Amino acid sequence: MADYHYYEPGEGHRLPHDPLNSIVAPRPIGWISTVDTDGVPNLAPYSFFNLINYQPPLIAFASSGWKDTVANIAATGEFVWNLATKAEADAMNATSANVAGTVDEFDLAGLGALPASLVKPPRVEGSPVHFECRLTQLVRLQTHAGTALDQWLVIGEAVGIHIDTALLEDGLYQTARAHPITRGGGPADYFEITEDALFRMKRPD
């Protein structure tokens, strides 16, 4: 029988580093671009992110604190998700810097900006996939006891999607071809999705 380390989160994990983000990993990265009401761009990565519905396509990310990204989305109702790849890893990491809201992270990270088709926030030049999104829900998270947290869940509907055609083969999107990166645990772990990690299983009839 396995020997389990058991803990109740409210009382602490008794480990050198919180294991949660190492266990629920790797996680897709929500590389989110927004603009404020004056049109100043903002770009930041979020590791609590995922696709949560097919039709309509809904994506969600959670922010620890009322950050510029959340404030911009609350004010404008729009954002763009940009696929983070190995080629853009350093630039993505640079956009996680804690800087003033007046700082343009596109400039900070040396990234070009592409216009979106339906929303005001720009797309990241060099990213091969972009989802133009409109806000559907902004939810303040809470504990099971109903205590409000300074954690904010943003859900957006992808109303326009851009895919680099180099990632399509016979009309099928090739996930590993983009070399997407995902967030692991600890303070610095990331994983790259590559073709050699692929295996296939069909659902039972």
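Residues numbered from 1 in each chain as written. Predicted model: local features only at pLDDT ≥ 70, side-chain atom pairs only at ≥ 80, totals over all residues. Heavy atoms only, no water.

A.B. asks: Kindly report on the pattern of salt bridges, identifying the contributing residues and their values.
C.D. replies: Considering all chains together, one arrives at 1 salt bridge under this definition. The salt bridge involving Glu-169 is made with Arg-177; its shortest N-O contact spans 2.4 Å. Under the relative-accessibility criterion, Arg-177 is labelled partly exposed at 38%. (Salt bridge = Lys/Arg side-chain N within 4 Å of Asp/Glu carboxyl O. Buried < 20%, exposed > 50% of the residue type's maximum accessible area, 1.4 Å probe, protein only.)

A.B. asks: Help me get a handle on the sheet that holds strand β1 (residues 30-35), residues and values and all.
C.D. replies: An order of β2-β1-β5-β8-β9-β4-β3 is seen for the 7 strands of this open sheet, with the pairing classed as antiparallel. Lying at the two open borders of the sheet, with one neighbouring strand each, are β2 (41-46) and β3 (49-53). Neighbour to neighbour, the strand axes of the sheet diverge by 35° on average, direction disregarded. Pairing geometry for strand β8 (residues 129-142) and strand β9 (residues 148-163), over 12 bridges, is antiparallel. Its bridge partner being in β9, Leu-138 is matched across the sheet by Val-154. Against the sheet, helix α2 (residues 68-76) makes contact with β1, β2, β4 (58-64), β5 (78-82), β8 and β9, and its axis sits at roughly 55° relative to β1, the strand it touches most. (Pairing = 2+ DSSP bridges. Helix = DSSP H or I, 4+ residues; strand = E, 2+ residues; numbered from the N terminus. Axes fitted to C-alpha atoms, helices over the stretch in contact; angles between N-to-C directions. Contact = heavy atoms within 4.5 Å.)

A.B. asks: Before we move on, can you summarise the nonpolar core with the specific residues and values?
C.D. replies: With 19 residues, the main nonpolar core has Ile-32, Ile-59, Phe-61, Phe-79, Trp-81 and Phe-131 as its most contacted residues. Listed by contribution, the elements that provide at least two residues to this core are β2, β4, α2, β5, β8 and β9. If we skip the residues at most four places from it in the chain, Ile-59 touches Phe-49, Asn-50, Leu-51, Ile-52, Phe-79, Trp-81, Phe-131, Cys-133, Val-154, Ile-155 and Gly-156. Counting 12 residues, the second largest nonpolar core, distinct from the first, contains Ile-29, Leu-43, Ala-91 and Phe-106. (Core = buried A, V, L, I, M, F, W, Y, C linked by side-chain atoms within 4.5 Å.)

A.B. asks: Pulling in residues and values, what's your account of the packing of aromatic side chains?
C.D. replies: Counted according to the given criterion, the structure contains 5 aromatic pairs. Where Tyr-46 meets Phe-61, the ring centres are 4.8 Å apart and the plane angle is 45°; that geometry is what we call tilted. Here the residue Tyr-46 occupies a position in strand β2, and Phe-61 occupies one in strand β4, the gap between them amounting to 15 residues. Grouping residues by exposure puts Tyr-46 and Phe-61 together as buried. Where Trp-66 meets Trp-152, the ring centres are 4.8 Å apart and the plane angle is 75°; that geometry is what we call edge-to-face. Of the two residues, Trp-66 sits in the loop between β4 and α2 while Trp-152 sits in strand β9, which places them 86 residues apart along the sequence. On the basis of relative accessibility, which here comes to 14%, the residue Trp-152 falls in the buried class. Ring pairing ties together the aromatic residues Tyr-46, Phe-61 and Phe-79, which thus form one cluster. (Phe/Tyr/Trp six-rings, centres within 6.5 Å; stacked < 30°, edge-to-face > 60°.)

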